[in-house]
Amino acid sequence: MPIPEKTTSQSASYLAEGSLERDMSEVITNISPADTPFLSNLPVYDEAYEMKIEWQTDELLPPGKNQRPEFDEYKFPMAAGVGRLHNFCQIMAQSCKVSDVMQKARKTYKPKTDELSRQITNYSKKLAFDMEYAIMSNAEAHAESGSTLAMMGGIPYFMKEELLDATLSTTDGSVTTTQKHGLSTGSWIMLKGTKLPKELKAGQRYYVRLDDTTPDTKFTLFNSLQDAVEKTNGISTLTDAGTAVKVLINNVVDAGNAKFTLDMIDDAMELAYYRGGHPTQIWLNPTQKRRFSTLARELHTVNRNQTDKKVSDVTDVYESDFGVLEAKSHLNCSDDKIFLMDPSYWGLRYFTRPHLIPNSQLAKTGSYEKFVITSTLSLQASQPLASAVINNVAR
């Protein structure tokens, strides 16, 4: 289609379109390349009262062997601790000015006189798109410091690969991390490294049993949950300590710069499933969504939502061995990442909701009217381990 000519600005009449009568539609159609599925559909949690927000994460403790005698003396151990996560609130704003002449001048589009209201509507949409972009794209989170502005962590921030440096013992097979790992007996991990001992495999799920003396940083590996709980058949001998060994503690599948497959999606679903998570949505870049639809159709596992009237609203549903996923495309989703999410564990926290600053606070300083639309918000991931991500996906 022909590319529409874009005016320099609609702030001043001498830069604007519509001051001269032309043969054109009276209504400007606002076409946006993206909508705001997360901003529109995520639940809103409690209001934020600080620019740094914190919350606790509960973990469903792994099962264990539980047998008691008829005459039992109860023991009362300390309750398991809870995790704590945080994020920062990000200040966002859109502002504009419209000259008194531009406000009064007759336009060929509607509204014919109220340019200020039209721009408020346009910039409100722009602010919403900015908020959606931050939710789907921000991979870092930090407070404001000097010239560094506050940034809220988005979905990529909570789903990035979490690796702990570790050393392996060749005498008893134990693993010692350089920082607290936050695991429980019966939890599972995977190992990565430049080189692993021949007894261990990268990408293999290993269950852990915490060390009695230093449980915060040391544990032993087992091939099954039952073995870890009952302390049998542990991996106790290693030929060497490996090189640059790291412990992966969240749900990450590495595509290795290859095109993703349904097997990779199944692998990611499996990781979340074994941690008690149940992702129900898969978010992809539109290009990757096309590939997903093709792969799913080839297996005849795509169900079409028959209630939708428009072809563009048809949704692909993939049934894996670990649950059903509804596939959704998002323009702001990175080409090299695919997110498998349980939306019930994600929500928004507003410090200030989107609002128009009253005119009484914006003194008139010239022959124009001005406005500011602003909001301060953050994203809360109540339990990131309920979701998963596929990294390093080829385009």
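Here the structure is a predicted model, which means the values were calculated and not measured.

Chemist: For this particular structure, what's the right way to read the overall build of the protein chain?
Modeler: Secondary structure assignment for the protein chain yields 7 helices and 17 strands. Taken across its 395 residues, the protein chain has 40% of its residues classed as buried. Across the protein chain, contacts joining residues at least 24 apart in sequence account for 74% of those joining residues at least 6 apart. Accessible area of the protein chain: about 22,800 Å², with a carbon and sulfur share of 51%.

Chemist: Would you mind showing me how to read the sheet that holds strand β12 (residues 316-320) here?
Modeler: Across a sheet, strands are paired by hydrogen bonds formed along the backbone, either parallel or antiparallel in direction. In spatial order, the strands read β10-β17-β14-β11-β13-β12; together these 6 strands make up an open sheet with mixed pairing. Because the sheet does not close on itself, it has two edges, and the strands there are β10 (252-258) and β12. Shown here is a sheet whose adjacent strand axes are inclined to one another by a mean of 20°, direction ignored. In the sheet, β12 pairs with strand β13 (residues 323-329) via 5 bridges, with the strands oriented antiparallel. Following the sheet pairing, Tyr-318 is matched in β13 by Leu-325.

Chemist: Please clarify how the pattern of salt bridges should be interpreted in this entry.
Modeler: Any two side chains of opposite charge can pair, so long as their charged atoms come close to each other. In total, this model carries 12 salt bridges according to the counting rule given. Glu-140 serves as the salt-bridge partner of Lys-160, at 3.8 Å between the closest nitrogen and oxygen. Residue Lys-160 is found in the loop between α4 (155-159) and β4 (163-168), and its partner Glu-140 is found in the loop between α3 (115-137) and α4; the two are separated by 20 residues along the sequence. Look at Lys-160 and you get partly exposed, because its relative accessible area is 32%. A relative accessible area of 43% places Glu-140 in the partly exposed class.

Chemist: Can you walk me through helix α6 (residues 262-274) in this structure?
Modeler: Residues separated by three or four positions in an α-helix point in the same direction, a consequence of the helix having 3.6 residues per turn. Between its terminal C-alpha atoms α6 stretches 18 Å, which fits the 18 Å expected from 13 residues at 1.5 Å a residue. Downstream of α6 by a residue or two, Gly-276 has a phi angle that is positive, lying close to 90°.

Chemist: Help me understand the sheet that holds strand β8 (residues 218-222), please; the structure alone is not making it clear to me.
Modeler: Pairing in this closed barrel of 6 strands is antiparallel, and the strands run β4-β5-β8-β7-β6-β9 around the ring. Here the average twist between neighbouring strands, direction ignored, is 45°. With 2 bridges joining them, strand β5 (residues 175-177) and β8 adopt antiparallel strand pairing. Bridged to Val-175 within β8 is Phe-219.

Chemist: It is not clear to me how the packing of aromatic side chains should be interpreted in this structure. Could you clarify?
Modeler: Inspection of the entire model under this criterion finds 8 aromatic pairs. Ring centres 4.5 Å apart and planes at 40° place the aromatic pair Phe-38 and Trp-283 in the tilted group. Placement of Phe-38 in helix α1 (residues 37-41) and of Trp-283 in strand β11 (residues 281-284) is noted, with a sequence separation of 245 residues between them. Take Phe-38: its relative accessible area is 4%, and that puts it in the buried class. The class for Trp-283 is buried, based on a relative accessible area of 4%. Relative to Tyr-318, the ring of Phe-292 lies with its centre 6.1 Å away and its plane at 85°, an arrangement referred to as edge-to-face.

Chemist: I'm lost on helix α7 (residues 286-298) in this one. Help?
Modeler: Between its terminal C-alpha atoms α7 stretches 19 Å, which fits the 18 Å expected from 13 residues at 1.5 Å a residue. Taken together, the buried positions of α7 are occupied by Gln-288, Lys-289, Phe-292, Ser-293, Leu-295 and Ala-296. Viewed end-on, α7 has its buried residues packed into an arc of 165°, placing them on one side of the element. Away from its buried face, by an angle of more than 90 degrees, α7 presents the exposed residues Thr-287, Arg-290 and Glu-298. Buried residues in α7 make contact with α6, β11, β12, β13 and β17 (388-393). Measuring from the backbone nitrogen of Thr-287 back to the side-chain oxygen at the start of α7 gives 2.9 Å, which picks out Asn-285 as the cap.

Chemist: Explanation requested: the pairing of β12 in the structure shown.
Modeler: Each regular strand displays side chains that alternate between the two surfaces of the sheet. Burial along β12 is one-sided: Asp-316, Tyr-318 and Ser-320 are buried, while Val-317 and Glu-319, pointing the other way, are not. As consecutive antiparallel partners, β12 and β13 are separated by 2 residues.

Chemist: Would you take a moment to explain the pairing of β8 for this structure?
Modeler: Note: strand β7 (residues 206-210) against β8, 4 bridges, orientation antiparallel. Residue Arg-209 lies in a different strand from β8, and its bridge partner there is Thr-220.

Chemist: For this particular structure, what's the right way to read the nonpolar core?
Modeler: Generally speaking, a soluble globular protein has its nonpolar side chains buried in company with each other. One finds Ile-155, Ile-265, Phe-292, Leu-340 and Ile-390 to be the most contacted residues of the largest nonpolar core, which totals 71 residues. Ranked by the residues each element gives to this core, the list is headed by α3, at 8 residues. With residues near it in sequence (within four places) discarded, Ile-155 still touches Phe-38, Ile-135, Met-136, Asn-138, Phe-339, Met-341, Trp-346 and Leu-379. Core analysis: the next-biggest nonpolar cluster, separate from the first, contains 19 residues, Leu-168, Ile-189, Leu-191 and Phe-219 among them.

Chemist: Just checking my understanding: could you explain the confidence of the model for the protein chain for this structure?
Modeler: The predicted structure's coordinates, where accompanied by low pLDDT, should not be read in detail. Overall, the prediction assigns the protein chain a mean pLDDT of 84, with 83% of residues at 70 or greater. Low pLDDT, under 50, characterises residues 19-31; the predicted model gives this stretch 19 contacts beyond four residues in sequence or across chains. Below pLDDT 50 for its whole length, residues 308-314 participates in 4 contacts with residues either more than four positions away or in separate chains.

Chemist: Looking at this structure, how should I read the side chain of Glu-115?
Modeler: As for its placement among the helices and strands, Glu-115 is situated in helix α3. The exposure class assigned to Glu-115 is buried, which follows from its relative accessible area of 0%. A polar contact is formed between the side chain of Glu-115 and the side chain of Arg-118, at a distance of 2.9 Å.

Reading the values: rules and limits
Residues numbered from 1 in each chain as written. Predicted model: local features only at pLDDT ≥ 70, side-chain atom pairs only at ≥ 80, totals over all residues. Heavy atoms only, no water. Helix = DSSP H or I, 4+ residues; strand = E, 2+ residues; numbered from the N terminus. Buried < 20%, exposed > 50% of the residue type's maximum accessible area, 1.4 Å probe, protein only. Contact = heavy atoms within 4.5 Å. Areas by Shrake-Rupley, 256 points an atom, 1.4 Å probe, with all protein chains shown as cover. Pairing = 2+ DSSP bridges. Axes fitted to C-alpha atoms, helices over the stretch in contact; angles between N-to-C directions. Salt bridge = Lys/Arg side-chain N within 4 Å of Asp/Glu carboxyl O. Expected span 1.5 Å × (residues − 1). Phe/Tyr/Trp six-rings, centres within 6.5 Å; stacked < 30°, edge-to-face > 60°. Arc of directions from axis to C-beta. Polar contact = N/O pair within 3.5 Å; in protein donor to acceptor, adjacent residues only side chain to side chain. Core = buried A, V, L, I, M, F, W, Y, C linked by side-chain atoms within 4.5 Å. pLDDT = per-residue confidence, 0-100.

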